[in-house]
Amino acid sequence: MKRSLTFALFLGILLGIYSCETPQSGNSMSHIDRNLPDPPMAEKKDSILAIHGDTRVDPYFWMRLSDDQKTAETPDAQAQKVRDYLNAENDYTNAAMKHTEAFQTKLYDEIVGRIKQTDESVPYFENGYWYYNKYEEGKEYPI
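Just so you know, the residues in each chain are numbered from 1, in the order the chain's sequence is written. Whole-chain, interface and lining totals are the exception, using all residues; otherwise, since this is a predicted model, local features are given only for residues with pLDDT of at least 70 and side-chain atom pairs are given and counted only at 80 or more. Values reported for side chains reflect all heavy atoms of the structure, with hydrogen atoms and water molecules removed beforehand.

Draft legend 1. Expanded view of the packing of aromatic side chains. Classification of ring pairs rests on two measures: the distance between centres of Phe, Tyr or Trp rings, Trp counted by its six-membered ring, which must be within 6.5 Å, and the angle between planes, read as stacked under 30 degrees, edge-to-face over 60 and tilted in between. Summed over all chains, the structure comprises two aromatic pairs. Consider the rings of tyrosine 124 and tyrosine 131, whose centres lie 5.8 Å apart with planes at 25°: the pair is stacked. In this scheme, Lys NZ or Arg CZ marks a charge over a ring once it lies within 6 Å of the ring centre and within 35 degrees of the ring normal. The ring of tryptophan 62 has lysine 45 sitting right over it, with the charged end atom 5.6 Å from the ring centre. A cation sits over an aromatic face here: lysine 81 above tryptophan 62, 5.3 Å from the ring centre.

Draft legend 2. Highlighting the pairing of strand E1 (residues 47–51). Any two strands with at least two DSSP bridges between them are considered paired. For the purposes of this entry, the term helix denotes a DSSP run of H or I that reaches at least four residues, the term strand denotes a run of E that reaches at least two, and both are numbered from the N terminus. In the sheet, E1 pairs with strand E2 (residues 54–58) via five bridges, with the strands oriented antiparallel. Bridge pairing links alanine 50 to threonine 55 in E2.

Draft legend 3. Seen up close, unusual backbone geometry. Phi at histidine 52 takes a positive value of approximately 55°, unusual for a residue other than glycine. Here histidine 52 is to be found in the loop between E1 and E2. Under the scheme applied here, a residue whose accessible area is under 20% of the maximum for its type counts as buried, over 50% as exposed, and between as partly exposed, the area being computed with a 1.4 Å probe on protein chains only. Given the relative accessible area of 77%, histidine 52 is considered exposed. If you check the backbone angles, asparagine 127 has positive phi at about 55° while not being a glycine.

Given below as structure tokens:
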């Protein structure tokens, strides 16, 4: 998780820097395909939520799914509508970011190349047990 969040942070910063470069730098953004589809717009249905004497309106509350809806083999109408909207968002994002795919791959490889693949923290004693974090090569999460 730590590595995924770190990667996401670096990717966001570097993509922001990459997209702000001036045309004089040779990386003009004029090559971006401006014929993108319109971004998907989520439907707004006002839901009034009141708790602890505070009332607020959440126009996107309809997107909230229960655990049963999320894990059902056959999605109900609401779950299918939410999935369709999220898939439309993903398709739009992929189309909008298509021009950065080579850069994303290069950036990812650069970041992974700088991360120590096999790493271990210093053990510490707490509540009668020794604790430490250990990463093994090829694995995403600590042991």
